[in-house]
Amino acid sequence: MGLRLLILTQYYPPEIGAPQNRLHELAVRLKARGMHIEVLTAMPNYPKMEIHEAYKNGKILEETIDGIPVHRAKIYVSTSKGIVKRLLNYFSFVFTSYKRGKKLENFDFLMVESPPLFLGYSAMRLSKRLKAKLIFNVSDLWPESAEKLGLVTNKFLLGMAYRLEAKCYRRSFLITGQTQGIVDDISKRFPEKKVVWLPNGVDLGYYNPSEIESIGYRKRNGLKESDILFFYGGVVGYAQGLEVILNAAKLVENRPEIQFIIQGSGPEKDRLLQLKAEMKADNVHFLPPVGKSEMPGVLKEINVAVIPLRKLDLFEGAIPSKVFEMLAMEIPILLGVNGEARLHFVDRAEAAVFVEPENQEMLAEKVLLLADNPELAKEMGKKGRKYAESQFNRDIIASNFLQTLNA
């Protein structure tokens, strides 16, 4: 009988997003390698902060997704961005996840996704109750990132969060970090703990440009076949600093064939739409998010990916998850992220051009570079897929993680 693993996460499919996709893809591959996997998660509500229609009034509390049993617990949701409502959202799932989880059978391991860090309260109690060793999976250093972004300024709350972070790490059998920067940071502060790199990755079979048919994406959105499309897809949030795209677009508006797409939703979208209107940036198109099944068809028709983050030291250890699909789809990248991501994708892979974060003049300059050098762009794309095959193949990542658990 294989090892039993329970994944505890606030975010999971059918929601779309980076943690949802990453955790599900890992679960599917671990199951294929003989592990028994179950998931304990919230009623799906992201990104609109409304319970998805099919799940309203607790219609679906138990389901199976790709052969994996998924247990759902209720959660308080609100479209308000206020700190009180946000904390209610997190803490409601802390309580309901424990209430639901304690009725499950025992497991060998309980893996909790952080952030939200507060889920650590439920994870520590459940791991004890279910006789499971705790694996703390860190995809973002919280509360450090919330403090540096100015999202949480209350000293009492920050102090409580830092104490909780330390307690979660100390109680863990294993800590996994999504980037090498996260791993190094935790190892430095908690040298006695075992911390391993569990990177995000890509399904190279699913994102394979040679096997994907066109879905008429350009035509559907009023874009010409001759347009050179510079694409951002993902969360439209504060951390991404997407106004740099609007500002750069304004600088190259004398090149009508260069068009920019921002596809997704998030808290900054309304503000950016207003900014677009004020600037009269007609070469920028805001499009709604699409499901995973449509993404390969979308990416098949774009020319260059633009992946920015704000200019903060904090992000020098970040690797935006959207990079991996671009690599697999042989799409060259304009990378507005310094540090670890630059080392991987600019220096080693030669699949991206570095753009200083928040530097609109430099972004505009590099947009013109790739627009005017299609052969260079194509060569970068080919190198990107090759690098993804060797470094970020989801199958290899899952096998390595299983070896760590069996060690």
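Below: a short report on this structure. (Residues numbered from 1 in each chain as written. Predicted model: local features only at pLDDT ≥ 70, side-chain atom pairs only at ≥ 80, totals over all residues. Heavy atoms only, no water.)

Looking only at helices and strands, the protein has 15 helices and 14 strands in total. The 407 residues of the protein split such that 55% are buried. Across the protein, every contact between residues at least 6 apart in sequence was considered, and the portion connecting residues at least 24 apart equals 73%. Carbon and sulfur atoms make up 52% of the accessible area of the protein, which amounts to about 18000 Å² in all. Charged side chains of the protein number 56 positive and 48 negative; the gap between the two group centres comes to 8 Å. (Helix = DSSP H or I, 4+ residues; strand = E, 2+ residues; numbered from the N terminus. Buried < 20%, exposed > 50% of the residue type's maximum accessible area, 1.4 Å probe, protein only. Contact = heavy atoms within 4.5 Å. Areas by Shrake-Rupley, 256 points an atom, 1.4 Å probe, with all protein chains shown as cover. Lys, Arg positive; Asp, Glu negative; His and termini not counted. Charge placed at Lys NZ, Arg CZ, Asp CG, Glu CD.)

Moving on to the sheet that holds strand β9 (residues 228–233). Taken together, the 6 strands give an open sheet; going across it, the order is β11-β10-β9-β12-β13-β14, and neighbouring strands pair in parallel fashion. This sheet does not close on itself; its edge strands, each paired only once, are β11 (284–287) and β14 (352–354). On average, each strand axis in the sheet is tilted by 25 degrees relative to the strand beside it, whichever way the strands run. Contacts from helix α12 (residues 340–348) reach β13 (333–336) and β14 within the one sheet, and its direction differs from that of β14 by about 130 degrees. (Pairing = 2+ DSSP bridges. Axes fitted to C-alpha atoms, helices over the stretch in contact; angles between N-to-C directions.)

At a closest axis distance of 10 Å, the pairing of helix α3 (residues 119–129) and helix α5 (residues 155–171) adopts a crossing angle of 30 degrees. What the angle tells us is that α3 and α5 run roughly parallel. In this structure, the crossing between α3 and α5 has a hand that is left-handed. Note on element contacts: α5 touches α3 through Met160, Leu164, Lys167, Cys168 and Arg171, opposite Gly120, Tyr121 and Met124. When grouped by side-chain class, the residues that make up the contact of α3 with α5 number 5 nonpolar, 1 polar and 2 charged. (Parallel < 35°, antiparallel > 145°, perpendicular 65-115°, else oblique. Left-handed = near helix turned anticlockwise from the far one by under 90°. Nonpolar A, V, L, I, M, F, W, Y, C, P; charged D, E, K, R; others polar.)

Our focus in this paragraph is unusual backbone geometry. The omega torsion of the bond from Pro115 to Pro116 falls at 5 degrees, within 30 degrees of zero and hence cis. Relative to the assigned elements, Pro116 resides in the loop between β5 (109–114) and α3. Backbone torsion omega between Trp142 and Pro143 reads 15 degrees, so that peptide bond is classified as cis. Examined against the element boundaries, Pro143 turns out to sit in the loop between β6 (133–138) and α4 (144–148). Positive phi is not limited to glycine here, since Lys131 has a value of about 55 degrees. Residue Lys131 is classed as exposed on the basis of its relative accessible area, which comes to 64%. One non-glycine residue, Lys280, lies in positive phi territory at about 55 degrees.

Examined against the element boundaries, Asn200 turns out to sit in the loop between β8 (195–197) and α7 (217–220). Judged by relative accessible area, which is 4%, Asn200 ranks as buried. Engagement of the side chain of Asn200 in a polar contact is seen with the side chain of Arg394, the distance being 3.1 Å. Not counting the four nearest positions on each side in its chain, Asn200 is found in contact with Arg22, Gln178, Ser321, Phe324, Phe392, Arg394 and Ile397. (Polar contact = N/O pair within 3.5 Å; in protein donor to acceptor, adjacent residues only side chain to side chain.)

Once that is clear, we can look at the side chain of Gln20. Along the chain, Gln20 falls in helix α1 (residues 18–32). In contact with Gln20, not counting residues within four places along its chain, are Tyr11, Tyr12, Pro13, Glu15 and Tyr46.

For the coordinates displayed, the defined rule picks out 16 aromatic pairs. With centroids separated by 6.0 Å and ring planes inclined at 70 degrees, the aromatic side chains of Tyr11 and Tyr46 adopt a geometry described as edge-to-face. Placement of Tyr11 in the loop between β1 (4–8) and α1 and of Tyr46 in the loop between β2 (36–42) and β3 (62–65) is noted, with a sequence separation of 35 residues between them. We classify Tyr11 as buried; its relative accessible area is 17%. Residue Tyr46 is classed as partly exposed on the basis of its relative accessible area, which comes to 24%. Members of the aromatic cluster, connected to one another through ring pairs, are Tyr90, Phe91, Phe118, Tyr121 and Trp142. When the ring centre of Tyr98 is taken as origin, the NZ or CZ atom of Arg125, which lies over that ring, is 4.0 Å away. The ring centre of Phe354 lies 3.8 Å from the NZ or CZ of Arg342, which sits over that ring. (Phe/Tyr/Trp six-rings, centres within 6.5 Å; stacked < 30°, edge-to-face > 60°. Lys NZ or Arg CZ within 6 Å of the ring centre and 35° of its normal.)

Here strand β7 (residues 174–177) shows two buried faces, one formed by Leu174 and Thr176 and the other by Ile175 and Gly177. The sheet contact formed by β7 and β8 spans 3 bridges and is parallel. Within β8, the position partnered with Ile175 by the bridge is Val195. Tracing the backbone out of β7, into helix α6 (residues 180–189) and back to the parallel element β8 gives a crossover that is right-handed. (Right-handed = clockwise from strand over helix to strand, strands pointing away.)

Bringing the packing of helix α13 (residues 360–372) against helix α14 (residues 374–391) into the picture now. One can describe the packing of α13 onto α14 by two numbers: an axis separation of 5 Å at closest approach and a directional angle of 95 degrees. Classified by the interaxial angle, the pair formed by α13 and α14 is roughly perpendicular. Within the contact between the two elements, α13 uses Leu369, Leu370, Ala371 and Asp372 and α14 uses Pro374, Leu376, Ala377 and Met380. Taken together, the residues of the contact of α13 with α14 sort by class into 7 nonpolar, no polar and 1 charged.

With 5 of 5 residues buried, β1 is to be regarded as a mostly interior element. As judged from the 5 bridges shared by β1 and β2, these two strands associate in the parallel manner. Across the sheet, the residue bridging to Arg4 is His36, located in β2. In this fold, β1 hands off to α1, which returns the chain to β2; that crossover is right-handed.

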